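Reading the structure
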Amino acid sequence: MSPALAGVLFIGSLVVALALTHRPLGDHMYRVYSGTRHLAVEKVAYRLIGVRPETEQPWPVYARAVLAFSAVSILVLYAFQRLQDRLFLSLGLPAVPGHLAWNTAVSFVTNTNWQAYSGESTMGHLVQMAGLAVQNFVSAAVGMAVAVALVRGFARRRTGDLGNFWVDLVRGIVRILLPLAFLGALVLLAGGLVQNLSGGHEVAAIAGGTQQITGGPVASQEIIKELGTNGGGFYNVNSAHPFENATTWTNWVEVFALLVLPFALPRTFGRMVGDRRQGYAIAAVMAVLAITSVAVLTGLEVAHNGTVPQAVGAAMEGKEVRFGVPDSGAFAAATTLTSTGAVNSFHDSFTALGGGMTMVNMMLGEVAPGGVGSGLYGMLVLAVITVFVAGLMVGRTPEYLGKKIGPREIKLASLYFLTTPVLVLAGTALAMGSAEQRASMLNPGAHGLSEVLYAFTSAAANNGSAFAGLTANTPWYDTVLGLCMAFGRFLPIVFVLALAGSLARQSPVPASAGTLPTHRPLFVGMVTGVTVVLVALTFLPALALGPLAEGIH
Amino acid sequence: MIPGIHAPGRAPAPPARTPTPRDGKVGGGLLDPAQLLTSLPDALRKLNPATLWRNPVMFIVEIGAAFTTVLAVTRPSFFAWAITAWLWLTVVFANLAEAVAEGRGKAQAATLRAAKRDTTARRLRDWRPGREPAAFDTIGATELAQGDIVVVAAGEIIPGDGDVVEGIASVDESAITGESAPVIRESGGDRSAVTGGTKVLSDRVIVKITQRPGESFIDRMIALVEGANRQKTPNEIALNILLAALTIIFLVATVTMQPLAIYAKSVNPGVPDSLALTGDGVSGIVLVSLLVCLIPTTIGALLSAIGIAGMDRLVQRNVLAVSGRAVEAAGDVGTLLLDKTGTITLGNRQASDFVPVAGVSTGELAEAAQLASLADETPEGRSIVVYAKQAYGLRERAPGELAHAEWIPFTAQTRMSGVDVDGRQVRKGAATSVMKWVRDHGGHPTADVGALVDGISASGGTPLVVGEITGGTARVLGVVHLKDVVKEGMRERFEHMRRMGIRTVMITGDNPLTARAIADEAGVDDFLAEATPEDKLALIRKEQEGGRLVAMTGDGTNDAPALAQADVGVAMNTGTSAAKEAGNMVDLDSNPTKLIEIVEIGKQLLITRGALTTFSIANDIAKYFAIIPAMFAAVYPGLDTLNVMRLHSPQSAILSAVVFNAVVIVALIPLALRGVRYRPSSADKLLSRNLYLYGLGGIVVPFAGIKLIDLIVQFLPGMS
């Protein structure tokens, strides 16, 4: 089988698998978030947290719950790392330095999983399992809860209530993430991933000398890393490590796992608003953007423009031989299109334009399909903007799913889509304006600029993948990128919940022949256009000086 | 409608007038180039930052223009001055759009002011209804207070808004309506309201003043057309927020580019400094140019003009909207409540068929019916004569022609009219009366007469029976079918409405049977029969519960609660002041059909806004392709690939983009004022048409436009 055919099969089979799971998984999530029954284990959890699961929360209460829960999570994770040396299973590793602990705590709580450290030489097993992996579950569940709250805003009428955050959180973990992660971990174990509490083995390397090989609870952490679109690897080299990603087919499973929930959520949305076609339209926008991006990125990597790749016949630098170029390209596209940020190859070593494409994926606002939950709410905000701009053209004040898009709604949606570009561009400008911060770049010139731009894009968009090359574990980068992650996560969440609150209060306008149809291909095309023109083009000046400058000859 | 108010015999509503511009009024939407010149002083006045800040997009452009002016003064070059000039022009063009739109309102206000002359009033003392006015004081019209009673005689100007409490007069209201035909104003009923500034032509009326000083109808109209207290509508506010957000994003994008550009220049030390990029980064002039090109200046410049022009289009059609909000709501209307009489039907029943009984020819029946109706001066009677003439070629005979005929006119008691001539008696009238007449004279109406009568009643028509006595035998000849005639073209209009997603509900005082027949014929979606004002109000509330916006027209005092409840309440100018007070629009022509036009104008306003926003945003793509290579191709020659338009030089590229950005505003002013072409159709069709036109057009046009401008500006000095 030629590599090209293998690549097409790899991507084609992913599309088929995602199409097959879209419906049952989306329906399952619809039942999870709409049901009234509580499982026994959930009742215990509610008693432990001290909440009455029947109480409904208006948006400010919902938002306060999200923020309080996340703040406590950051504190706990910070303390965990700082006290690592005094805890068991630390593998004798020292306490994590303050700035790195802050950065890592924010990173995992915001579902970013930016790692300014190497996992195996910084974090002990306990911190990995009880700290980081727990956040992999809960941060993903928080994203889904917020998305569901926004969908309820569209679906409900004349109410201030958006549901109960604690119920949404617990159900997301207990009924969606845990069962899927358990299944997935078994599959990955079968694929050759390790799962132990070993402190490491010293082995003799072929070239002479010895090498320390750390084991650990890898498979269990690997699967939630993908399922929850987290991306924080157990090992420094992330999914390029054979213990994290053993073969081509575990690679397929991992790419599938990181796409499966975000692509099923539009179905949940369609069911909750009572019109499945609306869900298909949102899924279609995600699919159009994603397939285009995967095709372009893989195409660029296979075409391997550039002096060295052309000389050696393939753009293999930074890629694993066992995956090859197309599968690495597909992984890179999928991980940046979702807010995962796991990597099985080094984006820094991609062709200039291929690396630029990974940035564009994140700059789209992580919506195609984006992170679990965050992708859906991001896309819905873009749909609101689209309805507003183009919806006027049917001669009515714009409405989406029967809810009018007035000044308050557009204010919140605007604030939402302002946040990421401002953080990315301001952060990059600050770093590039300072000689001290520029010193962190590995490469000079346009490529170095790309490294910095990538870091801020990844942090603000809560992706977490690294272009690599940039020495990011400095107090300045740890602090500033940590702030970017926190603002990039929680400001949009607050805006989304406020938007949900204002939508839920409205009574819907019945659809008629005069209503802008939001389930037709035309609308899909419009949302795609708005995403590209309004969001991605904002970054064109910066991209021109980074990847474009480097890549166009 | 309330039975009795729209009873037969009531004067029909004034005929619908086509919305052609009247003498002395601004044309309906076309832009006279001279207007641009006359509005220029206003446009320059609007450069004042104290007022311009309300438009954040143009305010940023003005700051940018001021900044480049300083740069051009300190380091003069042709390029710097050219950019600076065009940036200022961009702001001026935007102000011009607004000033032109406002200017049309001012012209209208001037004609209104002419009507607001200083008049004197004769205020009555101790006047009681029914008593002859005796003592009065002559005071200035401005001194009149609410509740004062004044007397106005023929030839005098009515000193203030009020209701006629006694008398009847013909009044010339051309000052406000532009309609030269006088109207009748009388005490009681729904035609009692008079407007200050109008002139009594005949007779004398006693008027109770209802306005507060300085708040007359004309005062309010002047304020409205001048846009004196124009407030932004919710949709305008929302759009402004979005535009402000886009402006912020592009501001951030351009400002943060600077450290990146400085770095790019520093790592390529071999590249000589250019006009656009030096070791200090992108020059201020180029940075401002990029910013101005990227922020949505086109829609930012035209937004307020679109709103003003929308109100103005209503004024052209003689409709005054109290607020822009009402115009916007008109576009959103989901349910139209339309009065049957005057709106859907012509307002009186007309003969539409002659149905003879067995053994009688239609011609015979037509001849007898016409003969019997010659002396009937009611509209129904006239219509029989006319129909017989049109359909059967029967000449209309003047009563005098038949010298020895005895005419029996229609009375409410006999409910018949007819004629006795040459031993033949012909009668036409209500079924029961004529049948009784036939029976009394020994005739025996056959059973099929009853069937015909019932059939016509069941279909919503009114049957009139024709009988005759010749040679001593009385018999029934047949039945005349009178019908409420639906205005021509209504069916198609309602069909349009349905395609636009608007439900039409007919309101009528008729019984459900008649109502259904007319509703079916007119093609409305629903009807409300035997409607009382309470029913109407309840219907509006019910529709609003369901999330639909409701529009209606009304003129009577009893319509006032419904007018106030409706989202778009159009009061007829002939109506009472209570109705005019309750509605949020007044139709000076008092033409209820105009509601449909109002909805279309509302939609057109919103479409224009959306189309120009889409156009404006789509424009950015081309501008990126013009300016980014211009700035950075010197450092990274590969970026010249992005110069797809093959523009002459960096300077010409940037100048061309800025010029295009300014010129497109002027080019679109006529469109903003006129509104985009609008044809009622489904949302889907509208969307695809406008999306291709303004979205795709917005992407393509600037590529062509910038290239064309570049072909010219490349010959200017300093462009290479």
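Residues numbered from 1 in each chain as written. Chains lettered and ligands numbered in written order. Predicted model: local features only at pLDDT ≥ 70, side-chain atom pairs only at ≥ 80, totals over all residues. Heavy atoms only, no water.

What to know about the interface of chain A and chain B
The accessible area lost on association of the parts is a frequent measure of interface size. The condition that has to hold: Here, two residues are considered to be in contact whenever any of their heavy atoms come within 4.5 Å of each other. Here the quantity called buried area is the accessible surface, traced with a 1.4 Å probe, that two parts lose on coming together, added over both. Salt bridge, as applied in this entry: a Lys or Arg side-chain nitrogen positioned within 4 Å of an Asp or Glu carboxyl oxygen. Side-chain atoms alone can form a polar contact between residues adjacent in sequence; in general such a contact is a pair of N or O atoms within 3.5 Å, and within protein one must be able to donate a hydrogen while the other accepts it. Each helix is a run of DSSP H or I of at least 4 residues and each strand a run of E of at least 2, with the numbering of both proceeding from the N terminus. Under the convention adopted here, Pro, Cys and the residues Ala, Val, Leu, Ile, Met, Phe, Trp and Tyr are nonpolar, Asp, Glu, Lys and Arg are charged, and Gly plus all remaining residues are polar.
At the junction of the two partners, chain A supplies 60 residues and chain B supplies 59 residues. Buried surface at the junction of chain A and chain B, summed over both partners, amounts to about 5000 Å²; 77% is from carbon and sulfur atoms. Where chain A touches chain B, the interface holds two salt bridges. Between the two partners, chain A and chain B, sit 10 residue pairs in polar contact (both at pLDDT 80 or more). Listed by contribution, the elements that provide at least two residues to the side of chain A that touches chain B are helix 14 (374-391), helix 15 (407-432), helix 17 (445-460), helix 19 (521-535) and helix 20 (540-551) of chain A. Among the elements that take part in the side of chain A that touches chain B, helix 15 of chain A stands out by supplying 13 residues, more than any other. Among the residues making up the side of chain A that touches chain B, the classes are represented as 41 nonpolar, 13 polar and six charged.

Quick look at the nonpolar core
Stated formally: By nonpolar core we mean a set of buried residues, namely Ala, Val, Leu, Ile, Met, Phe, Trp, Tyr and Cys, connected to one another through side-chain atoms within 4.5 Å. Working definition: with a 1.4 Å probe on protein chains only, accessible area under 20% of the residue-type maximum means buried, over 50% means exposed, and in between means partly exposed.
Counting 320 residues, the largest nonpolar core has Phe165(A), Tyr400(A), Leu497(A), Leu336(B) and Phe632(B) as its most contacted members. Among the elements that take part in this core, helix 21 (residues 594-632) of chain B stands out by supplying 20 residues, more than any other. Apart from residues lying up to four places away in sequence, Phe632(B) is in contact with Leu545(A), Met257(B), Ala261(B), Leu277(B), Val282(B) and Leu639(B). Counting 40 residues, the second-largest nonpolar core is a separate cluster that includes Leu394(B), Val421(B), Val465(B) and Val479(B).

A short note on the side chain of Gln437(A)
All names here are of chain A. Assignment of secondary structure puts glutamine 437 in helix 16 (residues 435-438). The buried category is assigned to glutamine 437, whose relative accessible area is 6%. The residues contacting glutamine 437, other than those within four sequence positions of it, are Ala431, Trp476 and Tyr477.

Brief notes about the UniProt feature "active site" (unreviewed entry) in chain B
Keep this limit in mind: UniProt positions are given in the numbering used here, feature names are shortened, and annotations may be inferred rather than shown by experiment.
Residues annotated by UniProt as "active site" (unreviewed entry) correspond here to Asp339(B). In this structure, Asp339(B) sits in strand 12 (residues 333-339).

A closer look at the pattern of salt bridges
Per the counting criterion, the structure on display carries 44 salt bridges over all chains. Two residues, Lys404(A) and Glu399(A), come together in a salt bridge whose shortest N-O distance is 3.7 Å. Sharing partners across several salt bridges, the network here consists of Glu364(B), Glu367(B), Arg424(B), Glu468(B) and Arg475(B).

Looking at the pairing of strand 22 (residues 568-572) of chain B
Looking along a regular strand, one sees the side chains alternate between the two faces of the sheet. All names here are of chain B. So the rule is basically this: Strands qualify as paired when DSSP identifies two bridges or more between them. The crossover handedness rule: strands pointing away from the viewer, path from first strand over the helix to second strand clockwise, crossover right-handed.
The buried count for strand 22 comes to five of five residues, which makes it a mostly enclosed element. Going residue by residue along strand 22, you find Val568, Val570 and Met572 tucked away on one face and Gly569 and Ala571 tucked away on the opposite face as well. In this structure, strand 21 (residues 549-554) lies alongside strand 22, joined through four bridges in parallel fashion. Residue pairing across strands places methionine 552 opposite glycine 569, the latter belonging to strand 22. Considered for its hand, the β-α-β crossover made up of strand 21, helix 19 (residues 560-565) and strand 22 is right-handed. Pairing of strand 22 with strand 23 (residues 585-587) involves three bridges; the strand directions are parallel. When the sheet's bridge partners are listed, methionine 572 is paired in strand 23 with aspartate 587. Read as a crossover between parallel neighbours, the route from strand 22 over helix 20 (residues 577-582) to strand 23 is right-handed.

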